[in-house]
Amino acid sequence: MRFVDIIEKKKNKEELTDEEIKFWIDGVTDESIPDYQTSALLMAIVLNGMTDHETAKLAECMMNSGDVIDLSDIKGIKADKHSTGGVGDKTSLALGPIISACGLKLAKMSGRGLGHTGGTLDKLESIEGFNVFLKEEDFKKQVNEIGFAIIGQTGELVPADKKLYALRDVTATVDSIPLIASSIMSKKLASGSDTILLDVKYGEGAFMHTI
């Protein structure tokens with residue numbers, strides 16, 4: 001399989017097969033596919049879109065590119081949330097303690113800022129000494145003890161998305177619903193929660209401009 005043929009296929013608005021999507025994400029993960037080729041495919045996706053099936057398969061392949069956390073040893077219902085981003089995106093910092101106070105457990109994996117938004121991790125790291133990279137056992141221990149923890153995306157969790165996330169930010173390929181949806185869901189599914197709230201923003205300050 002040649003990756004240039006996959007780029008050509010999406011350039012011509014054709015649907016990628018499961019095998020082609022897996023080949024791409026495997027190549028991103030092991031770095032056998034160079035950034036310039038991935039950038040070309042990302043732009044083709046922004047311009048021509050993906051089907052629901054392609055989007056779901058992309059999320060699945062990215063989720064399986066690294067570890068999937070097992071939170072079964074955390075007592076109670078494990079909740080998670082994700083905001084699609086916007087000006088002053090800071091929902092997690094207020095919502096986390098509220099969820100914990102209501103008796104749920106929030107075991108959250110957050111990302112950095114994309115485009116003009118400031119990510120949750122960027123805000124937390126502005127606090128001197130704040131550590132967003134806990135070991136998995138420390139992460140689970142904190143959630144069990146106080147009901148709330150926010151960690152960064154480690155190299156072992158969804159590494160393919162971590163690479164695509166950074167590449168999209170510098171190639172003007174952020175504002176694509178299939179890429180946004182697959183990125184979000186790969187991280188959310190890999191983080192092992194029982195239930196997920198999606199906060200989808202729209203308007204002039206968001207990536208999606210209309211409902």
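Everything numeric in this text was worked out from a predicted model, so none of it was measured.

S.K.: Provide a residue-level description of the overall build of the protein chain, including the pertinent values.
M.R.: Regarding its fold elements, the protein chain presents 9 helices and 4 strands. The C-alpha atoms of the protein chain give 17 Å as radius of gyration, which agrees with the globular expectation for 211 residues (17 Å, within 12%). Expressed as lengths along the three principal axes of its C-alpha atoms, the size of the protein chain is roughly 50 × 35 × 30 Å. Counting all 211 residues of the protein chain, 48% fall into the buried class. Carbon and sulfur atoms make up 56% of the accessible area of the protein chain, which totals about 10600 Å². Where the 24 positive side-chain charges of the protein chain centre and where its 33 negative ones centre are 3 Å apart.

S.K.: Describe the pattern of salt bridges, listing the residues and the values that go with them.
M.R.: Tallied over the entire structure, the rule returns 14 salt bridges. The salt bridge partner of E60 is K57, with a shortest N-O separation of 3.6 Å. Here E60 pairs with K57, and both are found in helix 4 (residues 52–63), just 3 residues apart, close to one helical turn. By relative accessible area, which is 37% here, E60 ends up partly exposed. Among the residues examined, K57 registers a relative accessible area of 16% and is labelled buried. A salt bridge links E136 to K140; the shortest N-O distance between them is 3.2 Å. Residue E136 and its partner K140 are both found in helix 7 (residues 136–146); the two are separated by 4 residues, about one turn of the helix. Assessed through its relative accessible area of 35%, E136 is described here as partly exposed.

S.K.: With reference to specific residues and values, describe helix 7.
M.R.: Because each turn of an α-helix spans 3.6 residues, side chains separated by three or four positions in sequence point in the same direction. All of the buried residues along helix 7 are F139, K140 and V143. All buried residues of helix 7 lie within an arc of 95° about the axis, which places them on one face of the element. Structural note: helix 7 exposes E137, E145 and I146 on the side pointing more than 90 degrees away from its buried face. The inward-facing, buried residues of helix 7 contact strand 2 (105–110) and strand 3 (148–152). Downstream of helix 7 by a residue or two, G147 has a phi angle that is positive, lying close to 85°.

S.K.: Got a sec to walk through a nonpolar patch on the surface? Specific residues and values, please.
M.R.: Together, L189, I196, L198 and V200 make up a nonpolar patch on the protein surface, roughly 330 Å² of accessible area in all. One can find V200 in the segment after strand 4 (195–199).

Reading the values: the criteria
- Residues numbered from 1 in each chain as written.
- Predicted model: local features only at pLDDT ≥ 70, side-chain atom pairs only at ≥ 80, totals over all residues.
- Heavy atoms only, no water.
- Helix = DSSP H or I, 4+ residues; strand = E, 2+ residues; numbered from the N terminus.
- Rg over C-alpha atoms; globule rule 2.2 N^0.38 Å.
- Buried < 20%, exposed > 50% of the residue type's maximum accessible area, 1.4 Å probe, protein only.
- Areas by Shrake-Rupley, 256 points an atom, 1.4 Å probe, with all protein chains shown as cover.
- Lys, Arg positive; Asp, Glu negative; His and termini not counted.
- Charge placed at Lys NZ, Arg CZ, Asp CG, Glu CD.
- Salt bridge = Lys/Arg side-chain N within 4 Å of Asp/Glu carboxyl O.
- Arc of directions from axis to C-beta.
- Contact = heavy atoms within 4.5 Å.
- Patch = residues over 30% accessible without salt bridge, like charges linked within 9 Å, V, L, I, M, F, W, Y side chains within 5 Å.

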